[in-house]
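Spelled out, the chains give:
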Amino acid sequence: MITTFIVLLIIYITVGTIIAIISRRFGVKTSAEYFVAGYRLGGFLASMTYAATTYSAFMMIGLVGYAYATGVGALGFELAYLLSTITLLAILAPRVWLMARKRGWVSPSEMISDLYDSKILGMIIAVLYLIALVPYISAQMIGVGSIFEGIGVGYVVGIIVAAILTFMWIAIAGIWSVASTDTYQGLWMILAALTYITWLSLYLLPTAHLDLDKVSEILGRTGMLGITKFWSLPTFIAFTLPWLFFAITNPQVVQRLYMPKSEKSLKRLIQYFAIYGFIYTIIVVFVGLLARALSESGFIPMITNRDLVTPALLLLAHPLLASFIYVSIVAAAVSTANSIILSVASSFVRDFYERRVRVINHRTSLLISLCIVTSLVVVASLVAYFRPGFIVELSVLSSVILLPLAPITITGWIFEKASNVKIEALSSLLVGFIMALSAAVIYGPKRAFITTWVGLPISAWVLITSTAILAAGLIRSKLSPSK
């Protein structure tokens, strides 16, 4: 198994690196080329980088484990995200795409800064990204480390490999190498997922003397097909609410709305992502439920650490199949980590350097970017080494911390120039951020977003408070789309 995995991993790394090097021919001389591809991504490339960036180690490790541990409620949680994302993209993405071209946006923090005519707001958001997204990046490192640990190579080795790949595929050509390797990795991910579910359905279930009817009976008897005790309404809201606004609060996906070369390419991004996301989500949850049925039937032992469900299942697979799926998880993690890191770097370059000087030195811009990328990779790797929480919790926690960005982003997109409420926007952001971060410090990453205050999860209070502050500003200024 170890030898097969290493060989396949080397093939994956080699092909990906060649693709990244070839991508340099598209040009990376300016920050706009390095961070948003000069607004020149085609529909397929744009959709695949969006999908690969969105779907991370969270899916094959985290969501499989959650479906296994908590039942079909995990499907509702993830489909709610997908539906909300597609809806938001269909309604708002064309407007954002057009504004990005007219105003020359490169980073998401620059976008908010421009909409509210506040440089300090952009700088604060850049720092907010840095704080909030380290847990999400670390979750990807933990996912890779868990895979390496599960096959006997070593957890720390996995973190090192993930860190090196993440850094290398950013440094080679910026967004061009990230987007091109994302496409490669996204294809690897979906092919591995299809192979995984085919093997489970056509080989492992018959080996365990199970069919879909028996699986349904077992899961129904154990309550896994209904609303389990875990998925109480406050818990479902706690998990789902930050995910509903993921498409407008997480910089790595917001930034991808700037990149398609035409409106037609943007429409293809939305369409292809919807198809990819639905297929991938159904497969991942189905894998978790089938694994639970196999445990309930006595074919495999009950698994207490939900992040180890996929590694436990793949111990029963042929080494080549298992290695193919393991590498797809590495691909999912790396594609998400490097996209986040590059996006955060773009915010610091734009808001702390390029928008504060008269003459931009693009070599200086790229040097600053490289320093930020290196620092983030190192910090995320160190956090991953100490394993502060499960993958799902770490991923959702990042979105909770970013949740205060939702009201100010939507308001800015709708009104385009919201400078009349810049003070309220800043207050809304800071108060919501302090609430979310305080909860994370007080309760820890595992409990921060499921703890309730007066019957509502913390994420709901963060969103309510931030929205109320901004709404008060809108009322005060009597802001309207015509202004």
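Residues numbered from 1 in each chain as written. Predicted model: local features only at pLDDT ≥ 70, side-chain atom pairs only at ≥ 80, totals over all residues. Heavy atoms only, no water.

*Asks:* Mind laying out the overall build of the protein chain, listing which residues take part and the relevant values?
*Replies:* Counting its regular elements, the protein chain contains 21 helices and two strands. Overall, the C-alpha framework of the protein chain stretches about 70 × 55 × 40 Å when taken along its three principal axes. Out of the 483 residues in the protein chain, the part that is buried amounts to 60%. Only carbon and sulfur atoms are counted for the fraction: they give 69% of the accessible area of the protein chain, which is about 17,500 Å². (Helix = DSSP H or I, 4+ residues; strand = E, 2+ residues; numbered from the N terminus. Buried < 20%, exposed > 50% of the residue type's maximum accessible area, 1.4 Å probe, protein only. Areas by Shrake-Rupley, 256 points an atom, 1.4 Å probe, with all protein chains shown as cover.)

*Asks:* Explain the pattern of salt bridges to me, and be specific about the residues and the numbers.
*Replies:* Under the defined criterion, the tally for this structure stands at ten salt bridges. A salt bridge links E110 to R350, with the shortest nitrogen-to-oxygen separation between them at 2.6 Å. Taken as a pair, E110 in helix 6 (residues 108-116) and R350 in helix 16 (residues 319-352) lie far apart in primary sequence, 240 residues in all. The two residues E110 and R350 agree in class, both being buried. As a salt-bridge pair, E424 and R476 come within 2.7 Å of each other at their nearest N and O atoms. (Salt bridge = Lys/Arg side-chain N within 4 Å of Asp/Glu carboxyl O.)

*Asks:* How would you sum up helix 21 (residues 458-477)? Please name residues and give values.
*Replies:* Over its 20 residues, helix 21 extends 29 Å from the first C-alpha to the last, a length consistent with the 28 Å expected when each residue adds 1.5 Å. Immediately beyond the C-terminal end of helix 21, within one or two residues, lies K478, with a positive phi of roughly 50 degrees. (Expected span 1.5 Å × (residues − 1).)

*Asks:* Tell me about the packing of helix 7 (residues 119-150) against helix 8 (residues 155-171), residues and numbers included.
*Replies:* Running from amino to carboxyl end, helix 7 crosses helix 8 at an angle of 135 degrees, the nearest separation of the two axes being 7 Å. Between helix 7 and helix 8, the angle falls in the class oblique. Crossing of helix 7 over helix 8 shows right-handed handedness. Of helix 8, the residues touching helix 7 (which contributes M141, I142, V144, G145, S146, F148 and E149) are Y155, V157, G158, I159, V161, A162, A163 and T166. For the contact of helix 7 with helix 8, a count of residues per class yields ten nonpolar, four polar and one charged. (Axes fitted to C-alpha atoms, helices over the stretch in contact; angles between N-to-C directions. Parallel < 35°, antiparallel > 145°, perpendicular 65-115°, else oblique. Left-handed = near helix turned anticlockwise from the far one by under 90°. Contact = heavy atoms within 4.5 Å. Nonpolar A, V, L, I, M, F, W, Y, C, P; charged D, E, K, R; others polar.)

*Asks:* Outline the packing of aromatic side chains, listing residues and values.
*Replies:* Within the structure shown, the criterion is met by 33 aromatic pairs. Note on F230 and W231: the rings are 5.0 Å apart at their centroids and 85 degrees apart in plane angle, and the pair reads as edge-to-face. The exposure class assigned to F230 is partly exposed, which follows from its relative accessible area of 30%. Seen from their ring centres, Y276 and Y280 are 5.8 Å apart, and the 45 degrees between their planes marks the pair as tilted. Of this pair, Y276 and Y280 both sit in helix 14 (residues 263-296), four residues apart, which is roughly one turn of that helix. Neither residue differs from the other here; Y276 and Y280 are each classed as buried. The side chain of R25 reaches across the aromatic face of F26, ending 4.5 Å from its centre. The lysine or arginine in question, R292, covers the ring of Y68, its NZ or CZ lying 5.5 Å from the ring centre. (Phe/Tyr/Trp six-rings, centres within 6.5 Å; stacked < 30°, edge-to-face > 60°. Lys NZ or Arg CZ within 6 Å of the ring centre and 35° of its normal.)

*Asks:* Outline the side chain of S381, supporting the account with residue identities and numerical values.
*Replies:* Relative to the elements of secondary structure, S381 occurs in helix 17 (residues 362-386). On the basis of relative accessible area, S381 is assigned to the buried category, the value being 14%.

*Asks:* Kindly report on empty space enclosed by the protein, identifying the contributing residues and their values.
*Replies:* According to the stated counting rule, one finds three cavities of 30 Å³ or more in the structure shown. For the largest cavity, the calculated volume is near 50 Å³. Of all the secondary-structure elements, those providing two or more residues to the lining of the largest cavity are helix 4 (57-70) and helix 5 (73-103). Grouping the constituent residues of the lining of the largest cavity by class yields seven nonpolar, two polar and one charged. Taken as a whole, the second largest cavity spans an internal volume of roughly 40 Å³. P108, M111, I112, Y129, I248, T249, V254, L405 and T409 together form the lining of the second largest cavity. Looking at the lining of the second largest cavity residue by residue, the classes come out as seven nonpolar, two polar and no charged. (1 Å grid on protein atoms, 1.4 Å probe; cavity = no way out; pocket = protein on both sides within 12 Å on 5 of 7 lines; lining within 4 Å. Points joined across faces, edges and corners; volume = space filled by probe spheres on them.)

*Asks:* Break down the environment of L290 for me, with residues and values.
*Replies:* As for its position among the elements, L290 is in helix 14. Its relative accessible area of 0% is what places L290 among the buried residues. For the pair L290 and I218, spaced 72 residues apart in sequence, the C-alpha separation works out to 10.0 Å. Setting aside anything within four residues of it in sequence, one finds L290 in contact with I197, L200, S201, L205 and V215.

*Asks:* So, the nonpolar core: which residues are in play, and what are the values?
*Replies:* Proteins that are soluble and globular tend to have nonpolar side chains buried together. Residues Y12, Y116, L200 and Y280 are the most contacted members of the largest nonpolar core, which totals 179 residues. Sorting elements by how many residues they give to this core places helix 16 first, with 19 residues. Those residues in contact with L200 that lie beyond four places of it in its chain are L205, P206, V287, L290, L294 and L313. (Core = buried A, V, L, I, M, F, W, Y, C linked by side-chain atoms within 4.5 Å.)

*Asks:* Outline the side chain of T240, listing residues and values.
*Replies:* With respect to the secondary-structure elements, T240 resides in helix 11 (residues 233-244). For T240, a relative accessible area of 5% corresponds to the buried category. Residues contacting T240, with those up to four places away along its chain left out, are F77 and A80.

*Asks:* Give me the packing of helix 6 against helix 7: which residues, what numbers.
*Replies:* Direction vectors running N to C along helix 6 and helix 7 enclose 155 degrees, while the axes themselves pass 8 Å from each other. The pairing of helix 6 with helix 7 is recorded here as roughly antiparallel in orientation. Remark: the crossing between helix 6 and helix 7 carries right-handed chirality. For the pair helix 6 and helix 7, contact is made by P108, S109, I112, S113 and Y116 and by K119, L121, G122, I125, A126 and Y129, respectively.

*Asks:* Before we move on, can you summarise helix 10 (residues 212-221) with the specific residues and values?
*Replies:* Residues V215, I218 and L219 constitute the buried set of helix 10. All buried residues of helix 10 project into a common sector of 95 degrees when viewed along the axis, lining one side. Pointing more than 90 degrees away from the buried face of helix 10 are the exposed residues D213, E217 and R221. On its buried face, helix 10 is in contact with helix 9 (175-207) and helix 14. Between the side-chain oxygen of the N-cap and the backbone nitrogen of D213 there are 3.1 Å, and the N-cap of helix 10 in question is D211. Just downstream of helix 10, G223 is the residue with a positive phi angle, here 80 degrees. (Arc of directions from axis to C-beta. Polar contact = N/O pair within 3.5 Å; in protein donor to acceptor, adjacent residues only side chain to side chain.)

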